[in-house]
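A structural walkthrough
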Amino acid sequence: MSAAPHALATELLAAFDGATLAPTITSREPAFTMADAYAVADHARTLRLARGERTRGYKIGFTNRSIWPVYGVHEPVWGPVWDTTARQLDGATANVSLTGLSQPRLEPEVVFGFCATPRAGMSEAELTGCLAWVAHGFEIVHTHYEAWRFKAPDAVADHAFHGRLLIGPQVPVNRFDRLGPELAALQLELLRDGTVVDSGAAIVVLDGPLTALRLWVDAMAAQPQAWPLLPGQRWETRLSDRRLSGLALTTTA
């Protein structure tokens, strides 16, 4: 990599702040690797911490293996979630401005809250013991690469495409008898302006949300389908498990 990680991080942070486009790094640096990308992401994290932002957690991206061939991605990616980008909702309905987002798209999510620090190599049962709550959420992902064309290292360097995270009502983990299998069995419908536009099952998320979380814990120890959004839309989700509240989101300019 001929360009310094700090310079690339500064460039992409400026694009993030200005909601502007930037050329992909891999188009300029063909040898740019995932390790290089995480180095850039770490510099970007340092820059954001230095200006007063604080990390709230992490997002796991590209967990649906079926879309990997579409984007040329062959593994999930990771990136921080910030106090400036995450919001705990008072209920199950929210309004969100799309200002400051570049080519935003919507992804329904499962969100976990920790009560203890996990460690690599834990079983899913042991990992469940580190969790306080689970919630349904909306992540707004966005990219600063034109027309969502990129390679996996570009995605990592561009803040793992994280834009906003809206967290729905928290459900205590002890309300689930078998957290992993129950979350893996979760079914979801996504509605836009009252019309169902997509549906899916949580099992596609790396065999289930808890499995995805376990893989993330292991990966973090080893290394340092989304929908376009337009103003004036109302988005909703319907979940098969009534303990997890569906969410409603209205977008504005």
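What comes next is a walk through the structure. (Residues numbered from 1 in each chain as written. Predicted model: local features only at pLDDT ≥ 70, side-chain atom pairs only at ≥ 80, totals over all residues. Heavy atoms only, no water.)

The next thing to look at is the sheet that holds strand 13 (residues 248-252). Spatial ordering of the open sheet is given by 4-13-12-9-10, a layout of five strands whose pairing is mixed. Two strands lie at the open edges of the sheet, namely strand 4 (93-97) and strand 10 (195-201), each paired on one side alone. Pairs of neighbouring strands in the sheet enclose a mean axial angle of 20°, with direction left out of account. Taken together, the five bridges between strand 9 (residues 187-192) and strand 12 (residues 234-239) define a ladder with antiparallel strand orientation. In the sheet register, Leu 188 faces strand 12, and the bridge partner there is Leu 239. (Pairing = 2+ DSSP bridges. Helix = DSSP H or I, 4+ residues; strand = E, 2+ residues; numbered from the N terminus. Axes fitted to C-alpha atoms, helices over the stretch in contact; angles between N-to-C directions.)

A word on helix 8 (residues 209-222). Along its 14 residues, helix 8 runs 20 Å from first to last C-alpha, staying within 8% of the 20 Å computed at 1.5 Å per residue. Within helix 8 the residues assigned to the buried category are Pro 209, Leu 210, Thr 211, Ala 212, Leu 213, Trp 216, Val 217 and Ala 219. Buried positions along helix 8 lie against strand 1 (55-61), strand 2 (77-82), strand 5 (105-114), helix 5 (124-128), strand 6 (131-141) and helix 7 (179-184). (Expected span 1.5 Å × (residues − 1). Buried < 20%, exposed > 50% of the residue type's maximum accessible area, 1.4 Å probe, protein only. Contact = heavy atoms within 4.5 Å.)

Turning to the packing of aromatic side chains, a few remarks are in order. Aromatic rings considered in pairs are described by the distance between their centres and by the relative angle of their planes. All told, the structure shown has seven aromatic pairs when counted by the stated rule. A ring pair is formed by Tyr 58 and Trp 216, whose centres lie 5.7 Å apart and whose planes are at 40°; its orientation type is tilted. Taken together, the residues span a long stretch of sequence, with Tyr 58 in strand 1 and Trp 216 in helix 8 at a distance of 158 residues. A relative accessible area of 36% places Tyr 58 in the partly exposed class. Taking 6.4 Å as the distance between ring centres and 65° as the angle between the ring planes, the aromatic pair formed by Phe 62 and Phe 161 counts as edge-to-face. Of this pair, Phe 62 sits in the loop between strand 1 and helix 4 (68-71) while Phe 161 sits in the loop between helix 6 (152-157) and strand 7 (162-167), and the two are 99 residues apart along the sequence. You can call Phe 62 buried: its relative accessible area is 14%. Each residue in the set Phe 62, Tyr 145, Trp 148, Phe 150 and Phe 161 is aromatic and connected to the rest through ring pairs, giving one cluster. Over the face of the ring belonging to Phe 16 we find Arg 48, whose NZ or CZ atom lies 4.5 Å from the ring centre. (Phe/Tyr/Trp six-rings, centres within 6.5 Å; stacked < 30°, edge-to-face > 60°. Lys NZ or Arg CZ within 6 Å of the ring centre and 35° of its normal.)

With the rule as written, the count across this model stands at 12 salt bridges. Notably, a salt bridge pairs Glu 53 with Arg 51, separated by 2.9 Å at the nearest N-O pair. Accessibility expressed as a relative area gives 41% for Arg 51, which makes it partly exposed. With a shortest N-O distance of 3.3 Å, Glu 189 and Arg 238 are connected by a salt bridge. The class of Glu 189 is partly exposed, set by a relative accessible area of 31%. Within the structure, one salt-bridge network assembled from shared partners comprises Asp 17, Arg 48, Arg 51 and Glu 53. (Salt bridge = Lys/Arg side-chain N within 4 Å of Asp/Glu carboxyl O.)

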